[in-house]
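# A closer look at the structure
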Amino acid sequence: MLKAVLFDLGGTLIHYDSEEADLIKLEKRSLAALYRHLVANSQMALPEATFLMAVGSRVEAEWQATIASARGGSIETPIKATLADLGLSLTPTEWQVARQVFYAPVHQAATPRQGARQTLQVLSERGVALGLLSNTFWAADVHDADLAHFGLLDFLPIRLYSCDIGRSKPHPEAFEIALTALGVEPNETVYVGDRLETDVEPARRLGLWGVLISVPFRN
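All of the points below concern the structure found in this document. (Residues numbered from 1 in each chain as written. Predicted model: local features only at pLDDT ≥ 70, side-chain atom pairs only at ≥ 80, totals over all residues. Heavy atoms only, no water.)

## Considerations on helix α4 (residues 92-109)
In an α-helix, one turn spans 3.6 residues, which is why side chains three or four residues apart end up on the same side. Across its 18 residues, α4 extends 26 Å between first and last C-alpha, which sits within 8% of the 26 Å expected from 1.5 Å per residue. Within α4, the axis deviates most sharply at tyrosine 103, by approximately 35 degrees, and proline proline 105 lies no more than four positions further along. Where α4 is concerned, the buried positions are Trp95, Ala98, Arg99, Phe102, Tyr103, Pro105 and Val106. In the core, the buried residues of α4 are packed alongside α1 (23-40), α3 (76-85) and α6 (140-149). (Helix = DSSP H or I, 4+ residues; strand = E, 2+ residues; numbered from the N terminus. Expected span 1.5 Å × (residues − 1). Bend = angle between axes of the 7 residues up to and from the residue. Buried < 20%, exposed > 50% of the residue type's maximum accessible area, 1.4 Å probe, protein only. Contact = heavy atoms within 4.5 Å.)

Structural data, given as structure tokens:
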């Protein structure tokens, strides 16, 4: 008997990339926005290309490490580390402003999947428990804000992001954490995602029902 549906986030409920720009280009826009902010506040004297190379290489290394170990990670960690290496120490207030600038392009790029809200509403009305399990290198509050903006947040009381739970898909522990949070068994649960290797196949190996959803602009 179906008791719960778990959803992936990016590419499933919300699109952050498109035909015009992928996630790498979006990351570059965010880092460029951060650079301009630091320069405008007299906190950065390096040439933009030097700054972007320093931060970008460290971000990429951290991302590859999280993939290799299937652990959670946050893009903010290598950004802060690089700023520290460059001799820039931001106060907590300054960092909060800077991260808002950094994440602004992410919010601007976000678009909801057509029919996502209606689907969640129907499932909720039928008594199906709903949750979200997502690999994300961006902070949870950023994604929560986008979900709220598109009217999806309240349908997803269980939201688990790899940057918070310390595990990322396809590691089975990520799915097990989600099942425990929902209080359901694998054979009572459907996982809906847009990637076969990290979403559907590992879910099926654990006994969940896996549903692969297509992304219109991805081949």
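Structure's up, so let's keep going.
## Quick look at the sheet that holds strand β4 (residues 129-134)
What the five strands build is an open sheet, ordered β5-β4-β1-β6-β7; its pairing is parallel. Bordering the open sheet on either side are β5 (158-161) and β7 (209-212), each of which pairs with just one other strand. With strand direction ignored, the average angle separating the axes of adjacent strands in the sheet is 20 degrees. Inspection of the sheet shows strand β6 (residues 189-193) paired to β7 by four bridges, in the parallel sense. When the sheet's bridge partners are listed, glycine 193 is paired in β7 with leucine 212. Sitting on the sheet, α6 is in contact with β4 and β5, with an inclination near 140 degrees to β5. (Pairing = 2+ DSSP bridges. Axes fitted to C-alpha atoms, helices over the stretch in contact; angles between N-to-C directions.)

## A short note on the packing of helix α2 (residues 48-69) against α3
The N-to-C vectors of α2 and α3 enclose an angle of 140 degrees; their axes lie 9 Å apart at closest approach. One finds that α2 runs oblique with respect to α3. Our pair here, α2 against α3, has a crossing hand that is right-handed. The segment α2 lies against α3, with Phe51, Ala54, Val55, Arg58, Val59 and Glu62 engaging Pro78, Ile79, Ala81, Thr82, Leu83 and Asp85. Of the residues belonging to the contact of α2 with α3, the class tally is eight nonpolar, one polar and three charged. (Parallel < 35°, antiparallel > 145°, perpendicular 65-115°, else oblique. Left-handed = near helix turned anticlockwise from the far one by under 90°. Nonpolar A, V, L, I, M, F, W, Y, C, P; charged D, E, K, R; others polar.)

## Some words on the side chain of lysine 169
Summarising the element assignment, lysine 169 is placed in the loop between α7 (162-165) and α8 (172-182). By relative accessible area, lysine 169 is classed as buried at 4%. Among the polar contacts listed, one links the side chain of lysine 169 to the backbone oxygen of leucine 133, at a separation of 3.4 Å. Beyond its immediate chain neighbours, meaning those up to four positions away, lysine 169 contacts Asp8, Leu133, Ser134, Asn135, Ala174, Phe175, Tyr191, Thr198 and Asp199. (Polar contact = N/O pair within 3.5 Å; in protein donor to acceptor, adjacent residues only side chain to side chain.)

## Some points on α1
Its 18 residues give α1 an end-to-end C-alpha distance of 26 Å, which sits within 8% of 26 Å, the value for a rise of 1.5 Å per residue. Taken together, the buried positions of α1 are occupied by Leu26, Ser30, Leu31, Ala32, Ala33, Leu34, Tyr35, His37 and Leu38. As for α1, its buried residues are in contact with α2, α3 and α4. Near the N-terminus of α1, the side chain that reaches the backbone nitrogen of isoleucine 24, with its oxygen 3.2 Å away, is that of aspartate 22. At the exit of α1 stands serine 42, carrying a positive phi of roughly 55 degrees.

## Considering the pattern of salt bridges
Applying the stated criterion to the full structure yields ten salt bridges. We note a salt bridge from lysine 169 to aspartate 199, for which the minimum N-O separation is 2.7 Å. Placement of lysine 169 in the loop between α7 and α8 and of aspartate 199 in helix α9 (residues 196-205) is noted, with a sequence separation of 30 residues between them. Comparing lysine 169 with aspartate 199, the two get one shared label, buried. (Salt bridge = Lys/Arg side-chain N within 4 Å of Asp/Glu carboxyl O.)

Keep in mind these numbers describe shape, not what the thing actually does.
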